[in-house]
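One letter stands for each residue in the lines below.
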Amino acid sequence: SGERKDLGRALCIITGASKGYGRTLALQLSCLMKPRSVLMLVARSVDQLNKVKEDVRALNDGHKKLDVRCVQADLEKTEGVEKTVQAIKDTSSSEMDRFLLINNAASLGDVSRSALTFTDPAEVNRYLSLNVSCVLSLTARVLQAFSHRVGVPRTVVNVSSLCALKPFPSWVLYCTGKAARDMMFRVLAEEEPDVRVLSYAPGPLDTDMQLQARRFSGDVKLRQSFCSMFSEGQLLSCEESGAKLMKLLLDDEYPSGAHVDFYEL
Amino acid sequence: MSDVPGFGKALVIITGASRGFGRALALEVAARVDATGSVLILAARSDDKLHELQTHVTRVASELTVRCVTADLSRKEDVERVITVIRETQCADIDHLLLFNNAASLGDVSRYCRDFTDVDEVDSYLSFNVSSALCLTTGVLRAVPRRVGLTRVIINISSLCAIKPFASWVLYCTGKAAREMMFRVLAEEEPDLRVLSYAPGPLDTDMQLQARSSSADGCVRSACSGLHAQGQLLTCEASVSKLMKVLLEGNFTSGAHLDFYD
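Cut-offs and rules
- Residues numbered from 1 in each chain as written.
- Chains lettered and ligands numbered in written order.
- Predicted model: local features only at pLDDT ≥ 70, side-chain atom pairs only at ≥ 80, totals over all residues.
- Heavy atoms only, no water.
- Phe/Tyr/Trp six-rings, centres within 6.5 Å; stacked < 30°, edge-to-face > 60°.
- Buried < 20%, exposed > 50% of the residue type's maximum accessible area, 1.4 Å probe, protein only.
- Helix = DSSP H or I, 4+ residues; strand = E, 2+ residues; numbered from the N terminus.
- Lys NZ or Arg CZ within 6 Å of the ring centre and 35° of its normal.
- Contact = heavy atoms within 4.5 Å.
- Buried area = accessible area lost by both parts, 1.4 Å probe.
- Salt bridge = Lys/Arg side-chain N within 4 Å of Asp/Glu carboxyl O.
- Polar contact = N/O pair within 3.5 Å; in protein donor to acceptor, adjacent residues only side chain to side chain.
- Pairing = 2+ DSSP bridges.
- Axes fitted to C-alpha atoms, helices over the stretch in contact; angles between N-to-C directions.
- Right-handed = clockwise from strand over helix to strand, strands pointing away.

Colleague: Would you explain the packing of aromatic side chains in this entry?
Modeller: Each pair of aromatic rings is reported with the distance of its centres and the angle of its planes. Tallying each qualifying case throughout the model produces nine aromatic pairs over all chains. When the ring of Phe168 of chain A is compared with that of Trp171 of chain A, the centres are 6.2 Å apart and the planes differ by 40°; the resulting orientation is tilted. You can call Phe168 of chain A buried: its relative accessible area is 14%. Seen from their ring centres, Phe21 of chain B and Tyr198 of chain B are 6.4 Å apart, and the 25° between their planes marks the pair as stacked. Of the two residues, Phe21 of chain B is situated in helix 1 (residues 20–30) and Tyr198 of chain B in strand 6 (residues 194–199); the sequence distance between them amounts to 177 residues. On the basis of relative accessibility, which here comes to 5%, the residue Phe21 of chain B falls in the buried class. With a relative accessible area of 0%, Tyr198 of chain B lands in the buried category. By way of ring pairs, the aromatic residues Phe168, Trp171, Tyr174 and Phe226 of chain A are connected into one cluster. If you follow Lys244 of chain A out to its NZ or CZ, it ends over the ring of Phe262 of chain A, 4.0 Å from the centre.

As structure tokens, this is what we get:
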């Protein structure tokens, strides 16, 4: 640790990179990456990904040669996971100083309903597949594709939530998925002393997901509190929250496997 | 009339009832309900073992209605079948509904996170250990709705693994952590329900045998072996007794995690 100002020559992968928090992380990380780094943006929408790529280029224009790759993949399906891993294998990662995977892609699930309405295992399975199983599978495959090399730190970030720790009425799928992920990454941290593992809860962000939350949450009190947060300007910009994650990554002092919340810093 | 404190007239459902903790639960609960007017529904995959258990229970409590449902809870149709049996069960005027979500699997503990590359494998694990528990619970609660004079209790058989990570146990820890949160959300939403996540302690069961013989992580494996070798594994009966005591006292906070050792 110490006063590290950048991530060196890095291979960074961000899922759900086409908008919201993932997009902001792409922009912020790009500024911390040295020439000949690779920034891999994964999402379902290739058009939106290309737009993010342009924005990254514009932000770094004239400063360096940054290889930005867009991977159009639906991470709910094995093919999407495989495609992403193949893209990583296709990069010449032998000269990298650092590897960083940010598991950001996620869905809120149907928050308009009470837990008692979830009677169909297929619906719950589908949710857990995207938000938990595919995240484990992707992380496992990337760690295998970019295996341990002395002097080359590997970092895996789980974009978490307060919902991983605290139950919210009408949010059974989201809370369950986030709790599952936090534990999954804690086990990963136990098993892999060479991998830096961080579950980062970004705080209430002003994104499409937040809009969904305040429009659709079934629990009246919860919906009202989201509306107040919005109207009273208490939502965080992705930039503000992203900046704290950047600092966490640069300082690199968090205990591996820890859950760190925006408001703790 | 028994002097043993009990649940009165109860509808009790136990999954994974054919052996281990589930079986011990069945035997103990049978002694703590009013035989006349109560129904015990035992679900598991093994038809033979369930019927053997049914025979044993009726020897202990001859008037008690015991129903066996052979079900593989990883199959949606089987979850629905258990719920259908419950709907068809005549049990008016019951004092208690108790659902023990006990059926579970350890998952492959011989491998590490980095080896779980197959989405289908993880999906399958979560389907059985997480989704089916949620859908069975919601199905049961819809089949036996809220009523004055009826206490509905949902028990999640949990683990220390729900709150503490163990190397080479990613599926089990992840599933248990997911279940705990799931049941905490249920408790938040339904204040009339009594929801308890009970971690039974290290039990002397087939699952524990699997743990000590297959765990990839050396420390975890030797810790399990140590418990076994030093006679520190709990009998299912001892842990079930503790659970009964907690349930009958009824003081727990709904949604709480309670460990045998607390």
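Colleague: Please explain the interface of chain B and chain A as it appears in this structure.
Modeller: Interface size, as often reported, equals the accessible area lost upon joining of the parts. Taken together, the 43 residues of chain B in the interface contact 43 residues of chain A. The junction of chain B with chain A conceals about 3,700 Å² of combined surface from both sides, 68% of it contributed by carbon and sulfur atoms. Remark: the boundary between chain B and chain A carries two salt bridges. For Arg114 of chain B, the salt bridge is made with Glu192 of chain A, and the minimal N-O distance between the two is 2.6 Å. Taken together, chain B and chain A are joined by 17 residue pairs in polar contact (both at pLDDT 80 or more). Mapped onto the side of chain B that touches chain A, the elements with two or more residues apiece are helix 4 (119–143) and helix 5 (170–189) of chain B. If you tally residues by element for the side of chain B that touches chain A, the top one is helix 5 of chain B, at 13 residues.

Colleague: Can you help me understand the side chain of Thr174 of chain B in this one?
Modeller: On the secondary structure map, Thr174 of chain B appears in helix 5. A distance of 2.6 Å separates a polar side-chain atom of Thr174 of chain B from the backbone oxygen of Val170 of chain B. Contact partners of Thr174 of chain B, with chain neighbours within four places excluded, come to Val132, Ala180, Met183 and Met184 of chain A together with Leu126 of chain B.

Colleague: What's the story with the sheet that holds strand 3 (residues 65–70) of chain B in this structure? I'm lost.
Modeller: Pairing between the strands of a sheet is mediated by backbone hydrogen bonds and can be parallel or antiparallel. Residue and element names in this part refer to chain B. Strand order in the open sheet formed by seven strands is 3-2-1-4-5-6-7, and the pairing between neighbours is parallel. Sheet topology places strand 3 and strand 7 (256–259) at the edges, where each strand pairs with a single neighbour. Within the sheet, the average angular offset between the axes of one strand and its neighbour, ignoring direction, is 15°. With five bridges joining them, strand 1 (residues 10–15) and strand 2 (residues 39–44) adopt parallel strand pairing.

Colleague: Can you help me understand the sheet that holds strand 6 (residues 195–201) of chain A in this one?
Modeller: All names here are of chain A. An order of 3-2-1-4-5-6-7 is seen for the seven strands of this open sheet, with the pairing classed as parallel. The sheet is open, and its two edges are formed by strand 3 (67–72) and strand 7 (258–261), each paired on a single side. Across the sheet, the mean angle from the axis of one strand to that of its neighbour is 20°, orientation sign disregarded. Contacts between helix 2 (residues 46–60) and the sheet are confined to strand 2 (38–43) and strand 3, with strand 3 contributing the most and set at about 170° to the helix. Helix 4 (residues 121–145) rests against strand 1 (10–15), strand 4 (98–103), strand 5 (154–159) and strand 6 of the sheet, and its axis sits at about 170° to strand 4.

Colleague: Is there a simple way to think about the pairing of strand 6 of chain A in this case?
Modeller: For a regular strand, side chains alternate in direction, first toward one face of the sheet and then toward the other. Residue and element names in this part refer to chain A. In terms of burial, strand 6 is a largely internal element, seven of the seven residues being buried. Neither face of strand 6 is exposed, since Val195, Val197, Ser199 and Ala201 on one face and Arg196, Leu198 and Tyr200 on the opposite face are all buried. In terms of strand pairing, strand 5 meets strand 6 through six bridges, oriented parallel. Its bridge partner lying in strand 6, Thr155 is registered against Arg196. On the question of chirality, the crossover connecting strand 5 to the parallel strand 6 by way of helix 5 (residues 172–191) is right-handed.

Colleague: Would you take a moment to explain the environment of Asp182 of chain A for this structure?
Modeller: Residue and element names in this part refer to chain A. As for its position among the elements, Asp182 is in helix 5. Ignoring any residue separated from it by four or fewer positions in sequence, one finds Asp182 in contact with Asn158, Ser160, Ala164, Leu165, Ser199 and His259. A distance of 2.6 Å separates the side chain of Asp182 from the side chain of Ser160, its partner in a polar contact.

Honestly, that's just the spatial picture; any functional story needs more than this.
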